[in-house]
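# Coordinate inspection notes
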Amino acid sequence: MKRNIPHNSISYLPLLLKLLKSRYLWLLLTTTLLTLLLLHTLNPYLVSDSVYQLSHVTRHVFDVKSRGVLEHKLAAEIEWELFRYQTLYRDSRCVSDSETDSKSAWLTYVQGDDVSIVQAVVLSHMLQKLSCISERLAAVSDKTNSKITELLHKAGYKVLVLPDLSCDGLSSNHVILNAWNLTQYDKIVYLDTATFPTLSLDEVFDTVQLGKISAPYQSPSNVADVSFSGSMFGLVPDVRTFSEMLAQFQDRSKYKCHDVAGFLWYFFTQDDRWLKLPYSYNIRNDRYFPMKSFNSMEVSRLGPVWEWQSKPTRQQAEKIDKPLASLEDLYEFWWVMLYEGLERAESWHWWHYESTVYWKFLHSDPVRDFRAVDIY
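These notes cover the structure that comes with them. Since this is a predicted model, take the numbers as computed values, not measurements. (Residues numbered from 1 in each chain as written. Predicted model: local features only at pLDDT ≥ 70, side-chain atom pairs only at ≥ 80, totals over all residues. Heavy atoms only, no water.)

## Concerning the packing of aromatic side chains
Overall, the coordinates contain 21 aromatic pairs when judged by the stated rule. Summarising the aromatic geometry, the rings of Tyr 85 and Tyr 89 are spaced 5.4 Å apart at their centres and angled 40 degrees between planes, so their arrangement reads as tilted. Judged by relative accessible area, Tyr 85 falls into the partly exposed class, the value being 42%. Between Tyr 279 and Tyr 288 the ring centres are 5.0 Å apart and the planes differ by 85 degrees, which places this aromatic pair in the edge-to-face class. (Phe/Tyr/Trp six-rings, centres within 6.5 Å; stacked < 30°, edge-to-face > 60°. Buried < 20%, exposed > 50% of the residue type's maximum accessible area, 1.4 Å probe, protein only.)

Okay, here's the thing in structure tokens:
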């Protein structure tokens, strides 16, 4: 029976036979072999090293991920050593800092819900550990009850009741536009309560200028996003700027109620009055290098930090002392600072018996937490 040979095999077979009969091929192979023998005689490592190097490069040239892990690990260790230095030697650092004697202040807005209060406690604690600026202001609405005001006082804030500038009838952070009217201060840096500083941010005060806004990019440099973040910005309080801002805000609100970040972007970018800061000051969603602060309000792949199911207990938190090399490390450290902040603010009773943040987590895993958490 005649075998069915594929057409392609028939067409290439004569060419292959012709090539094998070619004396030029055998001459080439013989020359190559003699050359390799000569090189091996002159240097026995030359051929083997070349072959090994080629195979090694082929296997590892595209292994970018493992190389990046090593770089990020080193960067995390450097940041952690700097954090330890800034906290350990804070008092000596601040003695010669001119900002400690000037009228500068941090400002945040606390909406009144338990998540906002918990974040404000963490923020105040971190600023107290890292910053030479001692004045911390917490803006609240006139509807905020006295119990929340007392908690904020214990956390180290000076509480300010500011006019509500909401344009949609709902509670919002438009109240922070009043920051430009706090002319009793020379410089103000606004931080959303979700801001989690991992290093000192005091240098932001050095960037502020009259009539301009200092704010970080909303996204990293590899993202086509040229807006800035409304979660953190520095300013010089000024009645004229505030009046212009308020007039434009009220006029725009007739047609559309912009969020704060959107309105500030329109207002300050029109005349090139945005003083740009790196994305490292307002990192969102994931671990980024280098890092100055992290915005815990943004929902990452691990979910909200205050609902993180792998949070450490108070006993475990006392033993945690390691670089923040991953998002998990960052979340873990946030809980460590929350425990320290509650301790400093003497607010454990509120946390365990009144805070919905605590009880929401407790009910999600009651066996683990009732056994592990030290209430007192």
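## Observations regarding the side chain of Thr 198
Topologically, Thr 198 is positioned in the loop between strand E5 (195–197) and strand E6 (213–216). Beyond its immediate chain neighbours, meaning those up to four positions away, Thr 198 contacts Phe 83, Leu 130, Met 291, Lys 292, Ser 293, Leu 324 and Leu 330. (Helix = DSSP H or I, 4+ residues; strand = E, 2+ residues; numbered from the N terminus. Contact = heavy atoms within 4.5 Å.)

## With respect to the state of the cysteines
Summed over all chains, the structure comprises one disulfide. Each sulfur in the disulfide pair Cys 94 and Cys 132 lies 2.0 Å from the other. Every disulfide takes its handedness from the sign of the S-S torsion; for Cys 94 and Cys 132 that torsion is -85 degrees, giving left-handed. Here Cys 94 is found in helix H5 (residues 90–95), whereas its partner Cys 132 is found in the loop between helix H6 (114–130) and strand E2 (136–140), with 38 residues between them in sequence. Both residues of the pair, Cys 94 and Cys 132, belong to the buried class. (Disulfide = S-S within 2.5 Å.)

## As for the environment of Glu 354
Summarising the element assignment, Glu 354 is placed in the loop between helix H12 (348–353) and helix H13 (356–364). For the pair Glu 354 and Asp 114, spaced 240 residues apart in sequence, the C-alpha to C-alpha distance is 9.0 Å. For Glu 354, the side chain forms a polar contact with the side chain of Lys 147, separated by 3.3 Å. (Polar contact = N/O pair within 3.5 Å; in protein donor to acceptor, adjacent residues only side chain to side chain.)

## Brief notes about the pattern of salt bridges
Tallied over the entire structure, the rule returns 13 salt bridges. Put simply, Glu 340 and Lys 129 hold a salt bridge, and the shortest N to O gap is 3.7 Å. You can see Glu 340 sitting in helix H11 (residues 327–344) and its partner Lys 129 sitting in helix H6, a full 211 residues away along the chain. Each of Lys 322, Asp 329 and Glu 332 takes part in a single network of salt bridges with overlapping partners. (Salt bridge = Lys/Arg side-chain N within 4 Å of Asp/Glu carboxyl O.)

## Re the side chain of Arg 287
Relative to the elements of secondary structure, Arg 287 occurs in the loop between strand E8 (274–277) and strand E9 (293–295). Of note is the side chain of Arg 287, whose polar atom sits 2.6 Å from the side chain of Glu 79. Among the polar contacts made by the side chain of Arg 287, one reaches the main-chain carbonyl oxygen of Leu 324 at a distance of 2.6 Å. With sequence-adjacent residues up to four places away left out, Arg 287 is seen in contact with Ala 76, Glu 79, Leu 324, Ala 325, Ser 326 and Leu 327.

## Quick word on H6
Here H6 is 17 residues long and its end C-alpha atoms lie 24 Å apart, about the 24 Å a rise of 1.5 Å per residue gives. A large share of H6 lies buried, amounting to 16 of its 17 residues. (Expected span 1.5 Å × (residues − 1).)

## A few points about unusual backbone geometry
Cis geometry marks the peptide bond from Phe 289 to Pro 290; its omega dihedral reads -5 degrees. Along the polypeptide, Pro 290 turns up in the loop between E8 and E9. Notably, Asp 272 is not glycine yet its phi reads approximately 55 degrees, a positive angle. Considering the arrangement of structural elements, one finds Asp 272 in the loop between helix H9 (260–269) and E8. According to the relative accessible area criterion, Asp 272 is exposed, its value standing at 56%. Of note in the backbone geometry, Asn 285 takes a positive phi value of approximately 75 degrees without being a glycine. Within the element layout of this structure, Asn 285 appears in the loop between E8 and E9. Since its relative accessible area comes to 33%, Asn 285 is described here as partly exposed.

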